[in-house]
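As a plain string of letters, each chain reads:
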Amino acid sequence: MSVDSALLKGKTPEQKQAIKYFLDTGCIAALTRMKDDAYDQAVQSKLNALNLKQRALGKIGLDEDQLKAIAPVFLHGYTAEGAHVRVGADDRLRTSKYDATWLFFSDTQVYMYSYTLDMTSDAKKEKTEEYFYKDITNFSTSSETTDANKISGCQGDKVTKTQREYSRFSLVVPGDKFTCSTSGVPDADRSVSAMKQKLREKKQ
């Protein structure tokens, strides 16, 4: 089934490709729809062009030399919140939205910069926060389950409803919690362990 032309109106060529990647089904679509790895590359290209580390430091207003209590941590990955979701031919989850979060650590505070990009529109979500170690109650990782479409069949015309898990990171303070995807970071637990160790040192 082809994508409704109304959904493509006013979109850039890249956004049109992304919309078709998630919504196009059928024999003809299977021949023209972008491949899974091409979609991954498009996401990374957009992410790299944003230069988020420098953007984050600019928003925080500090020099990186002031933020060396532990090495900066970059967490990123596909997020299903308010996004188109599908499972590729390689059985991996992909969505139309991608989280990117930088965490910087001074002697007294954690500085967080978060950016969520949307491959199907110009929408974005950008956020900066500062947390004192004394106020942080926990750093944690978890998994969430989301519904997804898996397109298969020799002509790419079979759509099956399925579920997939993706990993998340949380920074918890009294009355609030920041959460982001870590589905693109295979060793996220190692980074979180280093953060937990620093938090324990600061709490003692």
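These numbers were taken from a predicted model, which means no experiment stands behind them. Within any chain, residue numbers begin from 1 and follow the written order of that chain's sequence. In view of the model being predicted, local features appear only for residues whose pLDDT reaches at least 70, and side-chain atom pairs are presented and counted only at 80 or more, with totals across whole chains, interfaces and linings using the full set of residues. Only hydrogens and water are set aside when side-chain values are computed; all heavy atoms of the structure are taken into account.

On to the packing of aromatic side chains. Any two rings among Phe, Tyr and Trp, with Trp reduced to its six-membered ring, count as a pair given centres within 6.5 Å; such a pair is stacked if its planes are under 30 degrees apart, edge-to-face if over 60, and tilted if neither. Counting across every chain of the model gives eight aromatic pairs. Note on Phe22 and Tyr39: the rings are 5.2 Å apart at their centroids and 90° apart in plane angle, and the pair reads as edge-to-face. On the criterion of sequence distance, the pair formed by Phe22 in helix H2 (residues 13-23) and Tyr39 in helix H4 (residues 36-50) is long-range, its members being 17 residues apart. Between the aromatic rings of Tyr78 and Tyr98, the centroid separation amounts to 5.0 Å while the plane-to-plane angle is 90°, which identifies the pairing as edge-to-face. Taken together, the residues span a long stretch of sequence, with Tyr78 in strand E1 (residues 73-79) and Tyr98 in strand E4 (residues 97-105) at a distance of 20 residues. The class of Tyr98 is buried, set by a relative accessible area of 4%. When the NZ atom of lysine or the CZ atom of arginine is within 6 Å of a ring's centre and also within 35 degrees of its normal, the charge is said to sit over that ring. Looking at Arg86, its charged tip hangs above the ring of Tyr21, at a distance of 4.3 Å from the centre. Positioned over the ring face of Phe132 is Lys134, at 5.5 Å from the centre of the ring. Only DSSP runs of H or I with at least four residues qualify as helices, and only runs of E with at least two residues qualify as strands; both kinds are numbered from the N terminus onward. Only protein chains enter the accessibility calculation, which uses a 1.4 Å probe; a residue is then buried when its area is under 20% of its type maximum, exposed when over 50%, and partly exposed in between.

Salt bridge, as applied in this entry: a Lys or Arg side-chain nitrogen positioned within 4 Å of an Asp or Glu carboxyl oxygen. The full count for this structure, using the stated rule, is 16 salt bridges. The salt bridge partner of Arg55 is Glu126, with a shortest N-O separation of 2.7 Å. Residue Arg55 is found in helix H5 (residues 52-60), and its partner Glu126 is found in strand E6 (residues 124-132); the two are separated by 71 residues along the sequence. A relative accessible area of 27% places Arg55 in the partly exposed class. Note that Asp90 is salt-bridged to Arg94, the shortest N-O span being 2.8 Å. Its relative accessible area of 1% is what places Arg94 among the buried residues.

It is worth spelling out the layout of surface pockets at this point. A cavity, in this analysis, means grid points on a 1 Å lattice covering only the protein atoms where a 1.4 Å probe fits yet has no way out; a pocket is instead an open set bounded by protein on both sides within 12 Å along at least five of seven lines, and a residue lines either one if it has an atom within 4 Å of a point. Grid points are joined across faces, edges and corners, and a volume is the space filled by probe spheres set on the points. Approximately 300 Å³ is the volume attributed to the largest pocket. Lining the largest pocket are 18 residues, and of these Glu81, Asp99, Ser114, Thr116 and Lys125 sit closest to its centre. Looking at the lining of the largest pocket, the elements with two or more residues in it are E4, strand E5 (109-118), E6 and strand E9 (176-181). For the lining of the largest pocket, the per-class residue count stands at four nonpolar, four polar and 10 charged. Asp, Glu, Lys and Arg are counted as charged, while Ala, Val, Leu, Ile, Met, Phe, Trp, Tyr, Cys and Pro are counted as nonpolar; the rest, among them Gly, fall into the polar class.

So yeah, pure geometry; function would need other evidence.
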